[in-house]
Amino acid sequence: QVQLMESGGGVVQAGGSLRLSCAASRIIFSINDMAWYRQAPGEQRELVASITTGGSTNYLYSVEGRFTISGDPAKNTVYLQMNSLKPGDAAVYYCAVRSTRSPRYGYWGRGTQVTVST
């Protein structure tokens, strides 16, 4: 069973930065893209950013210009640099992988907590 492992979460003051990392326990082939989702208490999980094997990126409108996704999906690694963090960014952040054979993200990490203090 492939596991995705996130790291880098923590507590940061508003305006600060964090860098999240995600790696797979073993190689997943035929990847279309990797993504970061987040879920705050009482809220639905939302897509924060994604990156394809070709390097195309996509961002949630509220993080554009503050967050940067990078990595190499073909090597099953993805990062999320989060700058100018706001209290509204606080959530559990999940790494996800979508293969070329499915329209859905079929692999998920357990999540890493991001807390933004004021």
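The shown structure was predicted, so the numbers you read here are calculated from the model rather than taken from an experiment.

What counts, and at which threshold
- Residues numbered from 1 in each chain as written.
- Predicted model: local features only at pLDDT ≥ 70, side-chain atom pairs only at ≥ 80, totals over all residues.
- Heavy atoms only, no water.
- Disulfide = S-S within 2.5 Å.
- Helix = DSSP H or I, 4+ residues; strand = E, 2+ residues; numbered from the N terminus.
- Pairing = 2+ DSSP bridges.
- Axes fitted to C-alpha atoms, helices over the stretch in contact; angles between N-to-C directions.
- Buried < 20%, exposed > 50% of the residue type's maximum accessible area, 1.4 Å probe, protein only.

Turning next to the state of the cysteines. A full pass over the atoms with the stated rule returns 1 disulfide. Here Cys22 connects covalently by a disulfide to Cys95, the sulfurs 2.0 Å from one another. Its S-S torsion of about -80° marks the bond between Cys22 and Cys95 as left-handed, since a negative value means left-handed. With Cys22 in strand β3 (residues 18-24) and Cys95 in strand β9 (residues 91-99), this residue pair connects regions lying 73 residues apart in the sequence.

All right, on to the environment of Gly88 then. With respect to the secondary-structure elements, Gly88 resides in the loop between β8 (77-82) and β9. Residues Gly88 and Ala14 lie 74 residues apart in sequence; the distance between their C-alpha atoms is 9.6 Å.

Below, the discussion takes up the sheet that holds β3. With respect to topology, 4 strands assemble into an open sheet ordered β1-β3-β8-β7, the strand pairing being antiparallel. Each edge of the open sheet is held by one strand with a lone partner, namely β1 (4-7) and β7 (67-72). Averaged over all pairs of adjacent strands, the angle between their axes in this sheet comes to 15°, without regard to strand direction. The pairing of β3 with β8 spans 6 bridges and is antiparallel. Each residue of the ladder has a partner; that of Leu18, found in β8, is Met82.

Glancing now at the environment of Gly65. Tracing the chain through its elements places Gly65 in the loop between β6 (57-59) and β7. By relative accessible area, which is 80% here, Gly65 ends up exposed. Taking C-alpha positions, Gly65 is 8.8 Å from Asn83, a pair spaced 18 residues apart along the chain.

Here we come to the pairing of strand β5 (residues 46-52). Note: strand β4 (residues 31-39) against β5, 6 bridges, orientation antiparallel. Bridge pairing in β5 links Tyr37 to Leu47. If you look at the hairpin formed by β4 and β5, you'll find 6 residues sitting between the two strands, and Gly42 has a positive phi there, around 80°. With antiparallel pairing between neighbouring strands as the criterion, β5 and β6 make up a hairpin whose turn holds 4 residues, including Gly55 at a positive phi of roughly 95°.

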